[in-house]
Amino acid sequence: MGAISYRNAAYPVRPAFDACHSRFWDRLASPGCWLTAAQKVAVAMELRHANDCELCRARKVSLSPYQVPGTHDTVSDDLTEIMVEVVHRIVTDPARLTRTWFDGLIAQGLTEEEYVEILGTLVHTLVIDEFCRGLGIQLHDLPVPRAGEPSGYRPEMATSGPGAWVPVLPPVVEQGPEADLWQRGANIARAMSLVPDEVRTLMDTIACHYIPYQSVMGDWTIFPNGGLNRIQMEVVAARVSSHNECFY
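This is a predicted model, so every value here is computed, not measured.

Trainee: Describe in detail the pattern of salt bridges, supporting the description with residues and values.
Mentor: Overall, the coordinates contain 16 salt bridges when judged by the stated rule. In this structure, Arg23 and Asp204 form a salt bridge, with 2.8 Å as the shortest nitrogen-oxygen distance. Residue Arg23 is found in helix 1 (residues 15-28), and its partner Asp204 is found in helix 8 (residues 196-209); the two are separated by 181 residues along the sequence. Judged by relative accessible area, Arg23 falls into the partly exposed class, the value being 43%. A salt bridge links Arg96 to Asp93; the shortest N-O distance between them is 2.9 Å. Looking at Arg96, the relative accessible area reads 23%, which means it is partly exposed. Judged by relative accessible area, Asp93 falls into the buried class, the value being 5%. One salt-bridge network, held together by shared partners, links Asp52, Glu54 and Arg57.

As structure tokens, this is what we get:
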């Protein structure tokens, strides 16, 4: 698999993006903790297809998505029907996801760990795809999945808590296998901590596209990468978040 490069883009792109995006593409092609590499690549395929799904389109314009029965249009054979539902609903109608919907997924056999790894794969793939759209270039070809089985790793300190649909790590992690994630973690970082590698990728992506996680609550006057200053970055982020109906 060749490394991702933005050398020929119409706009100058910092080399850090080439390296960061190549690291994730390599992860996407590798078995995860709970999904095979083929399943992870299939999640990315469904992400790119979801907005063309007839069922998703009908649900999006309905008063309630639960009023429209049917089967999703799919482009892969490596995901279960319930996994496809997770991908399509998160991509096309995230503002109306509910705890009842999530509990229904678990009742039908999806595990909490699979849900988190699907979510992480979606988030990180979408960041790179939208970066390409912003530059006006073609989306990168998805990698060829490697053979191998998921590790099945689950952090011992992950527990259920108020407000979270899935178990998460505690706010303070100072020792153990997850000590590299944070010493004091905000909920935005803890959300996917049931699968720690998804948090590690999130931190890598944040540092490249935004600022290092440990600096988020720091100096508001910094110019993290020599471009926009921190306040200008937050204005852009707030506008985009509002447009995307982000909870935060």
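Trainee: Go over the packing of aromatic side chains, please, and point to the residues and values.
Mentor: Under the counting rule described, the total for this entry stands at six aromatic pairs. Centre to centre, the rings of Trp101 and Tyr115 are 6.3 Å apart; their planes meet at 70 degrees, and the pair counts as edge-to-face. Of this pair, Trp101 sits in helix 5 (residues 99-107) while Tyr115 is found in helix 6 (residues 112-135), placing the two residues 14 residues apart along the sequence. With respect to class, Trp101 is no different from Tyr115; both count as buried.

Trainee: Quick rundown of the nonpolar core? Include the residues and the values.
Mentor: If you look at soluble globular proteins, the nonpolar side chains tend to sit buried side by side. Core analysis: the biggest nonpolar cluster contains 39 residues, and Leu105, Leu110, Tyr115, Ile118 and Trp182 have the highest contact counts within it. At the level of elements, helix 2 (37-49), helix 4 (81-92), helix 5, helix 6 and helix 8 are the ones that each hand at least two residues to this core. It is helix 4 that provides the largest number of residues to this core, a total of six residues. Among residues more than four places away in sequence, those in contact with Leu110 are Ile82, Met83, Val86, Leu105, Tyr115 and Ile118. In terms of nonpolar packing, the next biggest core, distinct from the first, is built from 15 residues, Ile4, Cys20, Ile128 and Phe131 among them.

Trainee: So, the packing of helix 2 against helix 6: which residues are in play, and what are the values?
Mentor: Contact geometry for helix 2 and helix 6: axes closest at 9 Å, N-to-C directions at 55 degrees. One element, helix 2, and the other, helix 6, form an angle in the oblique class. Here the hand of the crossing between helix 2 and helix 6 comes out right-handed. Contact with helix 2, carried on its side by Lys40, Val43, Ala44, Leu47 and Arg48, involves Glu117, Ile118, Thr121, Leu122, Thr125, Leu126 and Asp129 of helix 6 and no other residues of that element. Residues of the contact of helix 2 with helix 6, tallied by class, amount to six nonpolar, two polar and four charged.

Trainee: Which residues make up helix 4, and what are the values?
Mentor: The end-to-end C-alpha distance of helix 4 is 16 Å, a good match for the 16 Å that twelve residues give at a rise of 1.5 Å each. Where burial is concerned, most of helix 4 is hidden: ten out of the twelve residues are buried. Of all the positions in helix 4, only Ile82, Met83, Val84, Glu85, Val86, Val87, His88, Arg89, Ile90 and Thr92 are classed as buried. Tucked inside the fold, the buried residues of helix 4 contact helix 2, helix 3 (54-60), helix 5 and helix 6.

Trainee: Explain the packing of helix 4 against helix 6 to me, and be specific about the residues and the numbers.
Mentor: The N-to-C vectors of helix 4 and helix 6 enclose an angle of 45 degrees; their axes lie 11 Å apart at closest approach. The pairing of helix 4 with helix 6 is recorded here as oblique in orientation. Where helix 4 crosses over helix 6, the handedness of that crossing is right-handed. Residue-level inspection shows Met83, Val86, Val87, Ile90 and Val91 of helix 4 in contact with helix 6, the latter providing Glu114, Tyr115, Ile118, Leu119 and Leu122. The residue makeup of the contact of helix 4 with helix 6, split by class, is nine nonpolar, no polar and one charged.

Trainee: Tell me about the side chain of His72, and name the residues and values.
Mentor: For His72, the position within the fold is in the loop between helix 3 and helix 4. Within the local environment of His72, its side chain forms a polar contact with the side chain of Glu85, the two groups lying 2.6 Å apart. Side-chain polar atoms of His72 contact the side chain of His88, separated by 3.3 Å. Residues contacting His72, with those up to four places away along its chain left out, are Cys53, Leu55, Cys56, Arg59, Val84, Glu85 and His88.

The rules behind the values
Residues numbered from 1 in each chain as written. Predicted model: local features only at pLDDT ≥ 70, side-chain atom pairs only at ≥ 80, totals over all residues. Heavy atoms only, no water. Salt bridge = Lys/Arg side-chain N within 4 Å of Asp/Glu carboxyl O. Helix = DSSP H or I, 4+ residues; strand = E, 2+ residues; numbered from the N terminus. Buried < 20%, exposed > 50% of the residue type's maximum accessible area, 1.4 Å probe, protein only. Phe/Tyr/Trp six-rings, centres within 6.5 Å; stacked < 30°, edge-to-face > 60°. Core = buried A, V, L, I, M, F, W, Y, C linked by side-chain atoms within 4.5 Å. Contact = heavy atoms within 4.5 Å. Axes fitted to C-alpha atoms, helices over the stretch in contact; angles between N-to-C directions. Parallel < 35°, antiparallel > 145°, perpendicular 65-115°, else oblique. Left-handed = near helix turned anticlockwise from the far one by under 90°. Nonpolar A, V, L, I, M, F, W, Y, C, P; charged D, E, K, R; others polar. Expected span 1.5 Å × (residues − 1). Polar contact = N/O pair within 3.5 Å; in protein donor to acceptor, adjacent residues only side chain to side chain.

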